[in-house]
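Report on the structure
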Amino acid sequence: MKNAFALSLAAMLLSFGAYASEHHAPHWDYDAHGPAHWCDFSAICKDGKAQSPIDIKTADTVSIAPNHVIKLDENVQAKSQIVDNGHAIQVNVENGGKISVEGVDYQLVQFHFHGKSEEKINGKQYDLVAHMVHKSTFGNLLVVGVLFEEGKERNAMLDTVTSGVGTAGTLNPAQLLPKNSDRYFHFMGSLTTPPCSENVRWYVMKEIQSATKEQIAAMRKFYDHNYRPVQPLNGRIVEAK
Ligand SMILES: [Zn+2]
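As a starting point, this report considers the structure included with it.

Digging into the sheet that holds strand S9 (residues 124-125)
Read from one edge to the other, the open sheet built from three strands follows the order S1-S8-S9, with strand pairing classed as mixed. The outermost strands of the open sheet, each flanked by one partner alone, are strand S1 (55-56) and S9. Two elements, strand S8 (residues 120-121) and S9, share two bridges in a ladder whose sense is antiparallel. Across the sheet, the residue bridging to Lys-120 is Gln-125, located in S9.

So, the environment of Leu-176
Relative to the helices and strands, Leu-176 is located in the loop between strand S12 (168-171) and strand S13 (184-189). Here the alpha-carbon distance between Leu-176 and Met-157, two residues 19 residues apart in the chain, equals 6.1 Å.

Details of helix H3 (residues 156-163)
Residues spaced three or four apart along an α-helix point in a common direction, a consequence of the helix completing one turn every 3.6 residues. Buried residues of H3: Met-157, Leu-158, Val-161 and Thr-162, and no others. On an axial view of H3, the arc spanned by its buried residues comes to 120 degrees, and they lie on one face. Taken together, the buried residues of H3 touch strand S4 (78-84), strand S5 (89-94), strand S15 (209-211) and helix H4 (213-220).

Some details on the environment of Gln-90
Mapped onto the secondary structure, Gln-90 falls in strand S5. Along the primary structure Gln-90 and His-112 are separated by 22 residues, whereas in three dimensions their C-alpha atoms are 4.1 Å apart. Those residues within four positions of Gln-90 in sequence are excluded, and the remaining contacts are Val-83, Asn-85, Gln-110 and His-112.

Some points on the pairing of S5
The pairing of S4 with S5 spans six bridges and is classified as antiparallel. Along S5, the bridge assignment pairs Asp-84 with Ile-89. Following S4, the chain reverses through four residues before pairing antiparallel with S5; Gly-86 in that reversal takes a positive phi of roughly 95 degrees.

Considering unusual backbone geometry
A cis amide bond, omega 0 degrees, links Ser-52 with the succeeding residue Pro-53. Located in the positive-phi region is Asn-199, a residue other than glycine, with phi close to 65 degrees. Residue placement: Asn-199 occurs in the loop between S13 and strand S14 (200-205). For Asn-199, a count of 10 C-beta atoms within 10 Å puts it in the exposed group. The phi angle at Asn-234 is positive, at roughly 50 degrees, despite the residue not being glycine. Turning to its location among the elements, Asn-234 is positioned in the loop between H4 and strand S16 (239-240).

The rules behind these values
- Residues numbered from 1 in each chain as written.
- Predicted model: local features only at pLDDT ≥ 70, side-chain atom pairs only at ≥ 80, totals over all residues.
- Pairing = 2+ DSSP bridges.
- Helix = DSSP H or I, 4+ residues; strand = E, 2+ residues; numbered from the N terminus.
- Buried ≥ 20, exposed ≤ 12 C-beta atoms within 10 Å, placed from the backbone.
- Arc of directions from axis to C-beta.
- Contact = placed C-beta atoms within 7 Å.

In structure tokens:
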């Protein structure tokens with residue numbers, strides 16, 4: 001009886017092993033399994049009609065609808081953990097502040113960096129971008145994009161992040177935002193990585209942040225081509241404040 005049980009358990013494990021190897025979790029990247037192949041992992045990456053990132057044509061923007069104006073409340077000391085998530089350097093935060101829009105609060109859950117900006121403005125790609133990912137209690141997402149361009153001024157947050165990968169501590173997410181965080185573009189889009197889920201509220205800050213050449217290189221030492229190409233607008237309207 002005992003042997004029969006052991007045998008059937010072994011058979012179960014074997015068949016599970018076969019199942020697991022045939023149906024292993026698919027992996028994606030920016031190389032052989034790059035953006036053109038992401039539809040193999042999630043159909044919406046190819047079939048979606050509201051994908052991110054986009055090229056923002058400022059001449060085609062319209063004034064922001066009053067109910068799309070955001071209220072930022074990120075000036076807090078947040079518990080943070082700086083990790084390499086396999087695709088980007090990411091900072092996971094706890095009690096990281098929030099953004100309110102249309103009467104709904106979106107808590108900051110993480111921010112991460114791309115080695116060149118994903119979103120473009122009038123065709124221009126910037127040197128780095130930070131994406132601040134917020135989530136409502138209903139699970140809806142709101143992302144704030146902060147663009148960086150090489151300049152003379154150092155950015156304190158970039159130093160904190162690139163020198164602290166693998167460590168935990170506290171930081172103030174508001175440090176990542178531009179001084180003038182009241183001017184931005186808004187549109188509906190998606191995650192820029194698989195599963196490319198849509199219905200993500202995007203806010204891209206207009207004020208470009210300065211990062212030194214050395215700071216940009218320090219971030220790109222981790223990932224230098226982790227950015228998705230721009231996606232068709234498909235009639236979406238970009239609002240501007
Ligand atoms: Zn991102």
